[in-house]
Amino acid sequence: MRKISFIGSYDKIDLILYIAKILVATDKKVLVIDSTINQKAKYIVPVIKPTKAYVTDFEDIDVAVGFSNFNEIKEYLGMPIHAELPYDIALIDIDSYESIINFGIDNSDKNYFVTGFDLYTLKRGLEILSGITEILNLTKVCFSKTATKEDDDYLNYLALGYKIQWSDEIIYFPFEVGDQSVIAENQRVAKIKFKKLSAQYKEALIFIVEQILDQDEYAKMKRIFKQLEKGV
């Protein structure tokens, strides 16, 4: 099972669900884990009988809420602790140092640092990483109205002294171009739809999915995404 972590204080569960939807369309069995303090997935992912901790199906994505580690999920699913979870990919939403440790983020296949450029999101997001003692490889996923070198320089400045190795690429998602309104509309109808999202948002989603998938799966993913855009 490939393990992909999305770290930061920025609200990112919708982003993760959209990534999961594309991966599921490529015949991957995907588990989304909301390990955040606020557990937003509890409110936007439909569930018939919510409990303190549960796994529910949403558009062929399994969504786990209220679990502190993988073993708790295995116990909920009635699996032996030593068994492998029956998923191809796990996408983990993380906003605390405890979750970084409990989910073993140091051996994730890919780690993303998701942030805006307001001070709270930047500083609180980095604070999550303050206990890291070994170098952690991270790719920046930035939500910004305009992507500037000054913003990135400031993030790098704040991150000085942290055990972080930034990857060369930076993935930018547009901010204030209508995508949040589209996502909110999709939440109300309990659907993950791509049709009305901005071209920039969709391009950034595809870029992340391409990083998660094996290289020989790229062409298949792009064909499938065209169908998702049409709502097929």
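These numbers were taken from a predicted model, which means no experiment stands behind them.

**Points about the nonpolar core**
Formed by 48 residues in total, the largest nonpolar core has its most connected members in Ile 19, Val 32, Leu 91, Phe 173 and Leu 205. Among the elements that line this core, the one with the most residues is helix α1 (residues 13-25), at 10 residues. Those residues in contact with Leu 205 that sit more than four places away from it in its chain are Leu 15, Tyr 18, Ile 19, Ile 22, Phe 173, Phe 194 and Leu 197. Counting residues in each nonpolar core, the second largest holds 33 residues, with Val 55, Phe 70, Leu 85 and Leu 126 among its members.

**Considerations on the pattern of salt bridges**
If charged atoms from side chains of opposite charge come close, those side chains can pair. For the coordinates displayed, the defined rule picks out 10 salt bridges. A salt bridge links Lys 140 to Asp 152; the nearest nitrogen and oxygen atoms lie 2.6 Å apart. Of this pair, Lys 140 sits in strand β7 (residues 136-144) while Asp 152 sits in helix α6 (residues 149-158), placing them 12 residues apart in sequence. Judged by its relative accessible area of 3%, Lys 140 is buried. One continuous salt-bridge network, built from bridges that share partners, spans Asp 11, Asp 14 and Lys 40.

**Quick look at the environment of Leu 17**
In this structure, Leu 17 sits in helix α1. In sequence terms Leu 17 and Glu 59 are 42 residues apart; their C-alpha atoms lie 9.7 Å from each other. If near-sequence neighbours (up to four positions away) are discounted, Leu 17 is found in contact with Val 32, Ile 44, Val 45, Ile 61, Val 63 and Ile 192.

**Here's the deal with the packing of aromatic side chains**
The geometry of an aromatic ring pair is captured by two quantities: the separation of the ring centres and the angle between the planes. Taken as a whole, this structure holds 10 aromatic pairs when the rule is applied. With a centroid separation of 5.4 Å and an interplanar angle of 80 degrees, the aromatic rings of Tyr 18 and Phe 194 are classed as edge-to-face. Here Tyr 18, found in helix α1, pairs with Phe 194, found in the loop between α7 (179-188) and α8 (199-212); they are 176 residues apart in sequence, far enough to count as distant. Taken individually, Tyr 18 and Phe 194 each receive the classification buried, so the pair is uniform in this respect. For the pair Phe 173 and Tyr 201, a centre-to-centre distance of 4.8 Å together with 70 degrees between the ring planes defines the contact as edge-to-face. Of this pair, Phe 173 sits in strand β8 (residues 164-174) while Tyr 201 sits in helix α8, placing them 28 residues apart in sequence. Given the relative accessible area of 1%, Phe 173 is considered buried. On the accessibility criterion, Tyr 201 (1% relative accessible area) is buried. Ring pairing ties together the aromatic residues Tyr 10, Phe 143, Phe 173 and Tyr 201, which thus form one cluster. Lying across the ring of Tyr 87, Lys 29 places its NZ or CZ 5.4 Å from the centre.

How each quantity is defined
- Residues numbered from 1 in each chain as written.
- Predicted model: local features only at pLDDT ≥ 70, side-chain atom pairs only at ≥ 80, totals over all residues.
- Heavy atoms only, no water.
- Core = buried A, V, L, I, M, F, W, Y, C linked by side-chain atoms within 4.5 Å.
- Buried < 20%, exposed > 50% of the residue type's maximum accessible area, 1.4 Å probe, protein only.
- Helix = DSSP H or I, 4+ residues; strand = E, 2+ residues; numbered from the N terminus.
- Contact = heavy atoms within 4.5 Å.
- Salt bridge = Lys/Arg side-chain N within 4 Å of Asp/Glu carboxyl O.
- Phe/Tyr/Trp six-rings, centres within 6.5 Å; stacked < 30°, edge-to-face > 60°.
- Lys NZ or Arg CZ within 6 Å of the ring centre and 35° of its normal.

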